[in-house]
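Commentary on secondary and tertiary structure
Listed here are the chains, written in short residue letters.
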Amino acid sequence: MKNLARAITRLNRWLGKWVSLCVLVIFGLLLADVVMRYVVGAPAIWTAELATLIFGGYAIIGGGYLLAERGHVNVDIFYGAFSTRRKALVDVATWPLFFLFVAVLLWQGYDIAHEAIVDNETTNSMWRAPLWPTKTLIPVAAVLLLLQGFIRLWSDIRVLMGLPVDDETFGAPASDAAPDGGAEH
């Protein structure tokens with residue numbers, strides 16, 4: 001079971017690192033759009049739209065990575081001051097909300113992706129770019145997020161039981177509050 005958890009965490013971390021390079025592609029596309037529009041005087045119809053489609057995939061696929069790295073937003077004024085054990089307790093208590101969110105994301109994401117594939121949905125521009133590649137990433141990302149969420153739940157239960165939690169298997173650990181009572185940086 002730990003090997004599966006380690007593989008999922010590695011996959012989410014690997015995807016997160018590679019998908020982060022999409023920012024460079026988006027930057028290049030938007031730069032090309034500006035150059036074509038204002039320097040050449042002949043705007044390309046596809047650059048800004050492709051940047052938007054890539055950004056959609058980039059934004060959604062990073063969820064599992066963020067969960068593995070504990071990069072999601074918390075109300076740090078409270079949560080950041082908690083001990084590792086209390087953070088784990090709060091995370092376990094709020095896990096049903098996470099599960100509900102991801103279940104709806106998976107259900108609706110599947111419907112959106114299926115419809116885009118079946119209807120061969122495209123953008124409304126002259127370019128008529130296909131939308132199925134970006135929309136298909138929604139349920140894929142939801143599955144990766146859900147799997148990492150189960151691993152995070154397992155990690156939090158282990159913390160509550162006083163068992164060790166290694167970074168490679170379970171992702172970044174929750175750290176104790178800083179000595180001054182505030183969140184660590």
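Residues numbered from 1 in each chain as written. Predicted model: local features only at pLDDT ≥ 70, side-chain atom pairs only at ≥ 80, totals over all residues. Heavy atoms only, no water.

A few words on helix α3 (residues 47-61). For α3, with 15 residues, the first-to-last C-alpha span of 21 Å sits near the 21 Å given by 1.5 Å per residue. Those residues of α3 lying buried are T47, E49, A51, L53, G57 and I61. On its buried face, α3 sits against α1 (2-19), α2 (22-40), α4 (63-68) and α6 (132-160). (Helix = DSSP H or I, 4+ residues; strand = E, 2+ residues; numbered from the N terminus. Expected span 1.5 Å × (residues − 1). Buried < 20%, exposed > 50% of the residue type's maximum accessible area, 1.4 Å probe, protein only. Contact = heavy atoms within 4.5 Å.)

Before going further, it helps to spend a moment on the environment of R6. Take R6: it is sitting in helix α1. Between the C-alpha atom of R6 and that of A172, which follows or precedes it by 166 residues, the distance is 12 Å. Those residues in contact with R6 that lie beyond four places of it in its chain are D166, E168 and T169. Side-chain polar atoms of R6 contact the side chain of T169, separated by 3.0 Å. (Polar contact = N/O pair within 3.5 Å; in protein donor to acceptor, adjacent residues only side chain to side chain.)

A grouping of F27, L31, V34, V35, Y38, V39 and V40 is seen on the molecular surface, where their side chains present a nonpolar patch of about 740 Å² in accessible area. Mapped onto the fold, V39 is located in helix α2. (Patch = residues over 30% accessible without salt bridge, like charges linked within 9 Å, V, L, I, M, F, W, Y side chains within 5 Å. Areas by Shrake-Rupley, 256 points an atom, 1.4 Å probe, with all protein chains shown as cover. Salt bridge = Lys/Arg side-chain N within 4 Å of Asp/Glu carboxyl O.)

With that out of the way, let us pick up the packing of helix α5 (residues 84-118) against α6. Two measures define how a pair of helices packs: the angle their axes make with one another and the distance between the axes. Between α5 and α6, the shortest axis-to-axis distance is 8 Å and the interhelical angle comes to 160°. Here α6 runs roughly antiparallel to α5, going by the angle between their axes. As α5 runs across α6, the sense of the crossing is left-handed. Across the contact of α5 with α6, the residue classes tally to 27 nonpolar, four polar and four charged. (Axes fitted to C-alpha atoms, helices over the stretch in contact; angles between N-to-C directions. Parallel < 35°, antiparallel > 145°, perpendicular 65-115°, else oblique. Left-handed = near helix turned anticlockwise from the far one by under 90°. Nonpolar A, V, L, I, M, F, W, Y, C, P; charged D, E, K, R; others polar.)

Glancing now at the nonpolar core. Nonpolar side chains in soluble globular proteins tend to be buried together. Counting residues in hydrophobic clusters, the biggest one holds 10 residues: L67, W95, F98, V102, L105, I138, A142, L145, L146 and L153. A total of five residues in this core trace back to one element, the largest contributor, which is α6. Every residue in contact with W95, bar those within four places of it in the chain, is listed here: G149, F150 and L153. In terms of nonpolar packing, the next biggest core, distinct from the first, is built from five residues, L15, V19, A141 and L144 among them. (Core = buried A, V, L, I, M, F, W, Y, C linked by side-chain atoms within 4.5 Å.)

In this section: the pattern of salt bridges. Applying the stated criterion across every chain, the model contains eight salt bridges. Its salt-bridge partner being E168, residue R6 comes within 3.7 Å of it at the nearest N-O pair. Remark: E168 occurs in helix α7 (residues 167-170) and R6 occurs in helix α1; sequence separation between them is 162 residues. Here E168 falls in the partly exposed class, since its relative accessible area comes to 38%. Of the charged contacts in the structure, one is a salt bridge between R13 and E69, with a shortest N-O distance of 2.4 Å. Of the two residues, R13 sits in helix α1 while E69 sits in the loop between α4 and α5, which places them 56 residues apart along the sequence.

This brings us to α5. An ideal rise of 1.5 Å per residue puts 51 Å on 35 residues; α5 measures up with 47 Å between its terminal C-alpha atoms. At T94, α5 is deflected by roughly 45°, the largest bend along its length, and proline P96 occurs up to four residues later in sequence. Among the residues of α5, those classed as buried are T84, K87, A88, D91, W95, F98, V102, L105, G109, A113 and A116. Tucked inside the fold, the buried residues of α5 contact α3, α4 and α6. The positive-phi residue at the C-terminal boundary of α5 is N120, with phi of around 50°. (Bend = angle between axes of the 7 residues up to and from the residue.)

By the secondary structure assignment, I61 is in helix α3. Note on I61: relative accessible area 9%, which makes it buried. Taking the C-alpha atoms as reference points, I61 and L144, separated by 83 residues in sequence, lie 8.2 Å from one another. If sequence neighbours within four positions are ignored, I61 has contacts with V19, L137, V140, A141 and L144.

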